[in-house]
Amino acid sequence: MDIRELEIKNVYQIKNKLYEDKRGYFSEIYRKNDYEFLKTNFVQENYSFSNKYTLRGMHYQIKKPQAKLIRCLNGQIIDVILDLRKNSETYLKALSIKLDKNYTLYIPKGIAHGFLTLKDETIVYYKTDEYFNSNDEDGFIWKDPKIFEYWNLKEFNIKEEQLILSHKDKHWGYLR
Ligand SMILES: Cc1cn([C@H]2C[C@H](O)[C@@H](COP(=O)(O)OP(=O)(O)O[C@H]3O[C@@H](C)C(=O)[C@@H](O)[C@H]3O)O2)c(=O)[nH]c1=O
């Protein structure tokens, strides 16, 4: 596997192998032994389907933080993360990465996560190593200065008014 650690500690980008032919393509999503190096026991799988310019985030769990293995099965996203691990060398560092069918992203526990879809019918599929618990969930607003630039809205010619957000994601406060 082609694995690259990104600028936030223990965040990995993994190149997906696609076997293309006249029918389309085939790709494995997950083999336990390939991902043993992560020492992560995934317990839940999710997928979301979104229209273009949907922004979901920024989310994390407090008591039982979730590591996530994220793949964009259809369409394209800008994935934005921020390191909230106080003991991390890269504490409060943010980054963004474009994901489509070619790359998987791994984020360890303690990282805030969000993504913006760049195409209609974008499907994001991800595994987590802790169950979702709405009482444990926290977040902050996507416009927080610590991450705002990472959405690259200008580069993609996206206006704030075009963004589609849930009620919850519109009303998070700034990161304290
Ligand atoms: C995330 C999640 C949501 N839900 C429910 C709660 C709610 O009624 C509905 C929609 O939830 P949300 O609006 O929180 O979905 P969404 O905004 O897509 O939440 C996700 O955002 C991305 C950025 C992440 O990092 C994920 O971990 C998760 O927080 O689905 C579950 O039942 N299980 C889950 O694991």
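Everything quoted here is computed from the prediction, not taken from an experiment.

A. Focus on the UniProt feature "active site" (unreviewed entry) in the chain. In the numbering adopted here, UniProt assigns the feature "active site" (unreviewed entry) to His59 and Tyr126. In sequence the annotated residues extend across 68 residues, while in space they remain close, none of their C-alpha pairs exceeding 13.9 Å. Summarising the element assignment, His59 is placed in strand E6 (residues 55-61). The buried category is assigned to His59, whose relative accessible area is 17%.

B. Expanded view of the side chain of Asp136. Position of Asp136 relative to the elements: it lies in the loop between strand E12 (122-128) and strand E13 (137-139). The side chain of Asp136 is buried and forms no salt bridge, while Lys63, the nearest opposite charge, is found at 5.4 Å. In this structure the side chain of Asp136 is engaged in a polar contact, spanning 2.7 Å, whose partner is the backbone nitrogen of Lys63. Polar contacts involving the side chain of Asp136 include one to the main-chain amide nitrogen of Lys64, which spans 2.9 Å. Every residue in contact with Asp136, bar those within four places of it in the chain, is listed here: Tyr60, Gln61, Ile62, Lys63 and Lys64.

C. Structural context of the site of the ligand. The immediate surroundings of the ligand are formed by Gln44, Asn46, Arg56, His59, Lys68, His113, Gly114, Tyr126, Phe132, Glu137 and Lys168. Contacts to the ligand include Lys68, whose side-chain N or O atom sits 2.8 Å from an oxygen atom. Between an oxygen atom of the ligand and a side-chain N or O atom of His113, the distance comes to 2.6 Å. If the ligand stood free it would expose 650 Å²; the protein chains cover 65% of that surface. Listing elements by their share of the shell around the ligand, those giving two or more residues are strand E5 (44-50), E6 and strand E11 (111-117).

Calculation rules
Sequence order sets the numbering: in each chain, residues are counted from 1 along the sequence as written. Reporting in this predicted model follows two pLDDT cut-offs: at least 70 for local features of residues, and 80 or more for side-chain atom pairs to be given and counted; totals over whole chains, interfaces and linings ignore these cut-offs and use all residues. To get the side-chain values, all heavy atoms of the structure are used, and hydrogens and water are removed first. UniProt positions are given in the numbering used here, feature names are shortened, and annotations may be inferred rather than shown by experiment. What counts as a helix is a DSSP run of H or I of at least four residues, what counts as a strand is a run of E of at least two, and both are numbered from the N terminus. We call a residue buried when its accessible area falls under 20% of the maximum for its residue type, exposed when it is over 50%, and partly exposed in between, using a 1.4 Å probe and counting protein chains only. Only four residue types enter the tally: Lys and Arg on the positive side, Asp and Glu on the negative side, with His and both chain ends excluded. When a carboxyl oxygen of Asp or Glu lies within 4 Å of a side-chain nitrogen of Lys or Arg, that pair is called a salt bridge. Here a polar contact is recorded for every N or O atom pair within 3.5 Å, except that within protein the pair must consist of a potential hydrogen donor and a potential acceptor, and residues adjacent in sequence are included only if both atoms are side-chain atoms. By definition, residues are in contact when any of their heavy atoms lie within 4.5 Å. One heavy atom suffices: a residue is near a molecule or strand as soon as one of its heavy atoms comes within 4 Å of it. Note on areas: these come from Shrake-Rupley sampling with a 1.4 Å probe, and a residue is covered only by the protein chains present in the view.

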